[in-house]
Amino acid sequence: MRLVIVGAGFAGMYAALSAARLRDIEGISPEELEIALVSPEPTLVIRPRLYEPKPETLTAPLQDVFDAIDVTYMQGSVEAIDTKARTADVVNAKGERKSLQYHRLVLATGSRLFRPNIPGLAEYAFSIDNIDDAIALDRHLHALAKMPASAARDTIVVAGAGFTGIEAATEMPSRLRTLFDKTANPRVIIVDRSSAVAPDMGEGPRPIIEEALRKLGVETRLNAGVSSLDKSGVTLSTGEHIETMTVIWAAGMRANPLTTKIPGERDKFDRLLVDGCLRVPSVPGVFATGDAARAACDDFGNYALMSCQHATRMGAFAGNNAAAELLGVQARQYHQEAYVTCLDLGDAGALFTRGWDRKVEMVGEKAKATKQEINTVWIYPPQPERAAALASADPERVTDL
């Protein structure tokens, strides 16, 4: 039997760990149940940290972890899935194609930045969506430091006032002061079509975020969208033109396009609708998890968000349940009642909330310390020691806040 997991992000990593854990508990050998994970590299990109400097350092190796738990790593990208034949077409770095048979498939392919067809966006905008984009932005900022001061050089525009946009914007003042001459006066502007920053965060946290932006000197342009970009800067839907050499696009996500290869129902973010065990109901043998799945967290109408907090736990349930079906063991219903947010606010500290109503629990330096612990400890892979790695993947305990 073979269980194939597509993707080595947070959901894919935990799917592999959890499936291997159940296999071990049931006393099944790796020869009887092969767990294979397919991804371009055996590496976890620490995506929640890509707004930070030195993004090339924000990865963690997974090969030793896979070896410790007897998970087969297969280098490549899945480009096609035949759900009737139960095969996945894997293309490696050399362009060689292989058809991989599966008995159960876990789609853990994550998400991508939504890039609308705005004139100049593809040519002139940067992002922190993936490690290559983050490295390109970091190199660009270092290149700016070698240029003479000007309004265009010293102005950063962040398109999107959600979680990612705010973290990118609040990081920029100190990041630019480090790179530029001490006399430089960098300007950071957030642009969003909403009438308020952090539109999804609610009324409780918003005044804290707004005060942090004021403290850092970050400007906002609300009720405004990006109409076009060119070499001279960005033009907003209000008609305002902002001179800048740096536009960071952080306005929305979509599930990886591989979800469209599965003949299942999808939501507006292209996430596959799944049942309580994270199965795609219309497609036998296929599970979806992490940012590739729209899953109910509880019985109160809350659904998993496109975040590593949800992806890790969803991955653990999906891997466990895919293995459980093959081993004849009862599957577990995914649930994730606990929900927290921890928003980095640069030199203004951080903001920690608990619950779906986002009740503020910590602010300032105390929240910042928690954010740093989350970013540097909690979200990293377990140590490549078999017992500890398998123990880390109990679905009921992963991300149990």
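Bear in mind the structure is a predicted one, so any value in this text is a computation, not a measurement.

**Looking at the environment of I262**
For I262, the position within the fold is in the loop between β19 (253-255) and β20 (272-273). On the basis of relative accessible area, I262 is assigned to the buried category, the value being 1%. Remark: the alpha-carbon pair of I262 and A288, spanning 26 residues in sequence, is separated by 9.9 Å. Those residues within four positions of I262 in sequence are excluded, and the remaining contacts are I81, T83, L107, L272, V280, V283 and V286.

**Here's the deal with the nonpolar core**
The biggest cluster of nonpolar side chains holds 113 residues, and the ones touching the most others in it are L3, I81 and I209. Not counting residues within four places of it along the chain, the set of residues in contact with I81 comprises T87, A88, Y102, L105, L107, L258, K261 and I262. Of all hydrophobic cores here, the second largest spans 16 residues; its members include I189, A224, V226 and L229.

**Concerning the packing of helix α1 (residues 10-25) against helix α7 (residues 308-327)**
Where α1 contacts α7, the axes come no closer than 7 Å and their chain directions differ by 35°. The interaxial crossing formed by α1 with α7 has right-handed handedness. Two secondary-structure elements touch here, α1 through F10, A11, Y14, A15, S18, A19, L22 and R23 and α7 through C308, A311, T312, G315, A316, G319, N320, A323, A324 and L327.

**Things to note about the sheet that holds strand β16 (residues 233-236)**
Taken in spatial order, the three strands of this open sheet run β15-β16-β17, and their pairing is antiparallel. Strand pairing shows two members of the sheet lacking a second neighbour, β15 (226-230) and β17 (241-243), which therefore form its edges. Strand-to-strand twist across the sheet, computed as the mean angle between neighbouring axes with direction ignored, equals 20°. Where β16 meets β17, three bridges bridge the pair, whose relative direction is antiparallel. Its bridge partner being in β17, V234 is matched across the sheet by I242.

**Re the packing of aromatic side chains**
Pairs of aromatic rings are described using the distance from one ring centre to the other and the angle between the two planes. Across all of its chains, the model carries three aromatic pairs by this definition. Centroid distance F66 to Y73: 6.4 Å. Interplanar angle 15°. Geometry classified as stacked. Each of the two residues, F66 as well as Y73, counts as buried. Between F317 and Y334, the ring centres sit 5.7 Å apart and the planes meet at 80°, which makes this aromatic pair edge-to-face. Of this pair, F317 sits in helix α7 while Y334 sits in the loop between α7 and β23 (340-344), and the two are 17 residues apart along the sequence.

**A few points about the sheet that holds strand β25 (residues 359-363)**
Pairing is antiparallel in the open sheet, where three strands are placed in the order β23-β24-β25. For this open sheet the edge positions go to β23 and β25, each flanked by a neighbour on one side alone. When strand polarity is set aside, the average angle formed by the axes of neighbouring strands in this sheet is 20°. Sheet topology places β23 next to strand β24 (residues 350-354); five bridges connect them, and they run antiparallel. Paired with T341 across the two strands is T353, which belongs to β24.

**Some words on the pairing of strand β9 (residues 104-107)**
The alternating pattern of β9 places R104 and V106 and L105 and L107 on opposite faces, both of which are buried. Sheet topology places strand β1 (residues 2-6) next to β9; four bridges connect them, and they run parallel. Residue pairing in the sheet places V6 in a bridge with L107 of β9. Where β9 and strand β21 (residues 286-288) come together, three bridges link them in parallel fashion. Paired with L105 across the strands is V286, a residue of β21.

**Examining the pattern of salt bridges**
Counted by the stated rule, this structure contains 27 salt bridges. Between E79 and R97 there is a salt bridge, and its shortest N-O distance comes to 3.2 Å. On the criterion of sequence distance, the pair formed by E79 in strand β6 (residues 77-82) and R97 in strand β8 (residues 97-101) is long-range, its members being 18 residues apart. Here R279 ties to D275 by a salt bridge, and the two come within 3.1 Å at their closest N and O atoms. Judged by its relative accessible area of 26%, R279 is partly exposed.

**Comments concerning helix α5 (residues 163-179)**
For an α-helix, 3.6 residues make a turn, and residues three or four places apart therefore share a direction. The end-to-end C-alpha distance of α5, which contains 17 residues, comes to 24 Å, matching closely the 24 Å that a straight helix rising 1.5 Å per residue would cover. Taking the largest bend as the criterion, α5 deviates by roughly 40°, centred on M172, and proline P173 comes between one and four positions later. The buried count for α5 comes to twelve of 17 residues, which makes it a mostly enclosed element. Every buried residue of α5 is accounted for by G165, I166, E167, A168, A169, T170, E171, M172, P173, S174, R175 and L176.

Definitions and limits used
Residues numbered from 1 in each chain as written. Predicted model: local features only at pLDDT ≥ 70, side-chain atom pairs only at ≥ 80, totals over all residues. Heavy atoms only, no water. Helix = DSSP H or I, 4+ residues; strand = E, 2+ residues; numbered from the N terminus. Buried < 20%, exposed > 50% of the residue type's maximum accessible area, 1.4 Å probe, protein only. Contact = heavy atoms within 4.5 Å. Core = buried A, V, L, I, M, F, W, Y, C linked by side-chain atoms within 4.5 Å. Axes fitted to C-alpha atoms, helices over the stretch in contact; angles between N-to-C directions. Left-handed = near helix turned anticlockwise from the far one by under 90°. Pairing = 2+ DSSP bridges. Phe/Tyr/Trp six-rings, centres within 6.5 Å; stacked < 30°, edge-to-face > 60°. Salt bridge = Lys/Arg side-chain N within 4 Å of Asp/Glu carboxyl O. Expected span 1.5 Å × (residues − 1). Bend = angle between axes of the 7 residues up to and from the residue.

Function cannot be inferred from these measures alone, as they are strictly geometric.
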